[in-house]
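Chain and residue survey
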Amino acid sequence: MRSDIDAARNNTLVFARAAAVTRPTDSDFMRRALELAREAQQRGEVPVGAVIVKDGAVIAEGFNRPISSNDPTAHAEIVAMRAAAATLASYRLLDATLYVTLEPCAMCAGAMVHARIKRLVYGASDPRAGAAGSIFNVANHSALNHRIECDGGLLYEECAALLKTFFTAKR
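Residues numbered from 1 in each chain as written. Predicted model: local features only at pLDDT ≥ 70, side-chain atom pairs only at ≥ 80, totals over all residues. Heavy atoms only, no water.

**So, the side chain of Glu77**
Stated precisely, the cut-off is as follows: Starting at the N terminus, helices and strands are each numbered in turn, a helix being any DSSP run of H or I of at least four residues and a strand any DSSP run of E of at least two. Partly exposed describes any residue whose relative accessible area lies between the buried limit of under 20% and the exposed limit of over 50%, with all areas from a 1.4 Å probe on protein chains only and scaled to the type maximum. The sign given to each residue is positive for Lys and Arg and negative for Asp and Glu; His and the chain ends receive no count. Every case where a carboxyl oxygen of Asp or Glu lies within 4 Å of a side-chain nitrogen of Lys or Arg is listed as a salt bridge. Whether two residues are in contact is decided by their heavy atoms, any of which lying within 4.5 Å being enough.
Examined against the element boundaries, Glu77 turns out to sit in helix α4 (residues 76-88). For the buried Glu77, which has no salt bridge, the nearest side chain bearing the opposite charge is Arg82, at an N-O separation of 11 Å. When residues no more than four places from it in sequence are discounted, the contact partners of Glu77 are Val48, Ala50, Leu98, Val100, Leu102, Pro104, Cys105 and Cys108.

Dropping the structure here:
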């Protein structure tokens, strides 16, 4: 009897360790956002990619496409939120995390607040238009009815280098 209990405990530990090894991390999701940003760059768009995760699984992705779609709102975050809303059949993206390579602008941060995104993880800060703390703090403004948990700087160097290379080539 005792050996059965010990065996069950050992199996539980083995399964727990296996789950921990295979569970994607914030860095894994940001690396996917970087892949999407590179896809945007290949299409002549500003290289920004976004991934939305709920319950540990990717539910939507997007990359910048305002130029190719003639849509000033087609930022990576908006594209991903539209896809996530369609996937969930709800405009509320409760308990979702949005990963994006560049700190969101005021439009995107405002849409995230309305969608009730729980958490934002971004790579590079945006010193010109960032709305998650750099210039504005739409994501956590006390006058709004929802606040987003924000974590910035994940894979910062990779995200910033991609943008810098893109804009240097444009000049």
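So, next bit.
**Comments concerning the pairing of strand β3 (residues 96-102)**
We apply this condition: Strands are labelled as partners when DSSP assigns at least two bridges between them.
For β3, the tally of buried residues reaches seven of seven residues, placing the bulk of the element in the interior. Where strand β1 (residues 49-54) lies against β3, five bridges are found, and the strand directions are antiparallel. Each bridged residue has a counterpart across the sheet, and for Lys54 the counterpart in β3 is Ala96. Across five bridges, β3 lies against strand β4 (residues 119-124) in parallel orientation. Counted as the bridge partner of Tyr99 is Val121 from β4.

**Looking at the pairing of strand β2 (residues 57-63)**
As defined by bridge partners, β1 adjoins β2 across six bridges and the pair is classed as antiparallel. The residue bridging Val51 from the neighbouring strand is Glu61, located in β2. A loop of two residues connects β1 with β2, the two strands running antiparallel in sequence, and Asp55 in this loop sits at a positive phi of about 55 degrees.

That's the geometry; what it means functionally is another story.
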